[in-house]
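Descriptive structure summary
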Amino acid sequence: QVQLVESGGGLVQAGGSLRLSCAASGRTFSSYAMGWFRQAPGKEREFVAAISWSGGTTYYADSVKGRFTISRDNAKNTVYLQMNSLKPEDTAVYYCNSPYTAFTIATRSSGRDYWGQGTQVTVSS
C-alpha cells in the first residue's frame, strides 16, 4: 500500500523559509514522479511543483518560480520542497502527490493519484 507522509509545515513570517519533506513507501520510489500541491481555504487544490522520477526535470507553478525548489533523494524515498521568500498568499495546506501511473508527471489534481495527509503552512504578514 502506497503511503506518503509529509512533515515540515509551520508558522513563518513573510520573507522566511520552510522546508517540507514527504517520505514515501509501498512501491518503487524511483519509478514515479513526485509533486506538491496546495489548497487554501475556500479555494481549489492547485499545483505547486513536480519532479521527474530521476530528479532530472522539475516543473513549477508561475506563482512559486524562483522561490521554491523541489528535490528528491531516491535513496531515502523522500521528496522535498524548499520554500524561500514566503508570502502570506502561500498560506495553505500542502499535499505531497505521487501519480498513479509510473513515469508520468501530475500537474492537475486527480483522485486516482496518491496523496499525503497534508501539512499546514501559515505565512504571517
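Residues numbered from 1 in each chain as written. Predicted model: local features only at pLDDT ≥ 70, side-chain atom pairs only at ≥ 80, totals over all residues. Heavy atoms only, no water.

1. Thoughts on the state of the cysteines
- What the rule picks out here adds up to 1 disulfide.
- A sulfur-sulfur separation of 2.1 Å characterises the disulfide bridge that pairs cysteine 22 with cysteine 96. The sign of the S-S torsion, about -80 degrees, decides the handedness of the disulfide formed by cysteine 22 and cysteine 96: left-handed. Placement of cysteine 22 in strand E3 (residues 18–25) and of cysteine 96 in strand E9 (residues 92–98) is noted, with a sequence separation of 74 residues between them.
- For cysteine 96, a relative accessible area of 0% puts it in the buried group. (Disulfide = S-S within 2.5 Å. Helix = DSSP H or I, 4+ residues; strand = E, 2+ residues; numbered from the N terminus. Buried < 20%, exposed > 50% of the residue type's maximum accessible area, 1.4 Å probe, protein only.)

2. A short note on empty space enclosed by the protein
- Scanning all chains against the criterion turns up 1 cavity of 30 Å³ or more.
- There is about 60 Å³ of room inside the largest cavity.
- Residues that form the lining of the largest cavity fall into these classes: 6 nonpolar, 3 polar and 1 charged. (1 Å grid on protein atoms, 1.4 Å probe; cavity = no way out; pocket = protein on both sides within 12 Å on 5 of 7 lines; lining within 4 Å. Points joined across faces, edges and corners; volume = space filled by probe spheres on them. Nonpolar A, V, L, I, M, F, W, Y, C, P; charged D, E, K, R; others polar.)

3. Observations regarding the nonpolar core
- By size, the foremost hydrophobic cluster in this structure holds 29 residues, and its most contacted members are Trp36, Leu81, Met83 and Tyr94.
- Going through the elements one at a time, E3, strand E4 (34–39), strand E5 (46–51), strand E7 (68–73), strand E8 (78–83), E9 and strand E11 (119–124) are the ones with two or more residues in this core.
- No other element matches E5, which puts 5 residues into this core.
- Beyond its immediate chain neighbours, meaning those up to four positions away, tyrosine 94 contacts Glu6, Leu20, Trp36, Phe37, Arg38, Val48, Phe68, Leu81, Met83, Gly118, Thr119 and Val121. (Core = buried A, V, L, I, M, F, W, Y, C linked by side-chain atoms within 4.5 Å. Contact = heavy atoms within 4.5 Å.)

4. Considerations on the side chain of aspartate 90
- Mapped onto the elements, aspartate 90 comes out in the loop between E8 and E9.
- Separated by 2.9 Å, the side chains of aspartate 90 and arginine 38 make a polar contact.
- Looking at aspartate 90, its side chain comes within polar contact range of the side chain of arginine 67, at 2.7 Å.
- Filtering out sequence-adjacent residues up to four positions away, aspartate 90 remains in contact with Arg38, Arg67, Phe68, Ser85, Val121 and Val123. (Polar contact = N/O pair within 3.5 Å; in protein donor to acceptor, adjacent residues only side chain to side chain.)

5. Focus: the sheet that holds E8
- In space, the 4 strands of this open sheet follow the order E1-E3-E8-E7, with antiparallel pairing throughout. Pairing within the sheet leaves two strands with one partner each, and these edge strands are strand E1 (3–7) and E7. The sheet shows a mean angle of 15 degrees between the axes of neighbouring strands, taken without regard to direction.
- Relative to E8, E3 runs antiparallel, the two sharing 6 bridges. (Pairing = 2+ DSSP bridges. Axes fitted to C-alpha atoms, helices over the stretch in contact; angles between N-to-C directions.)

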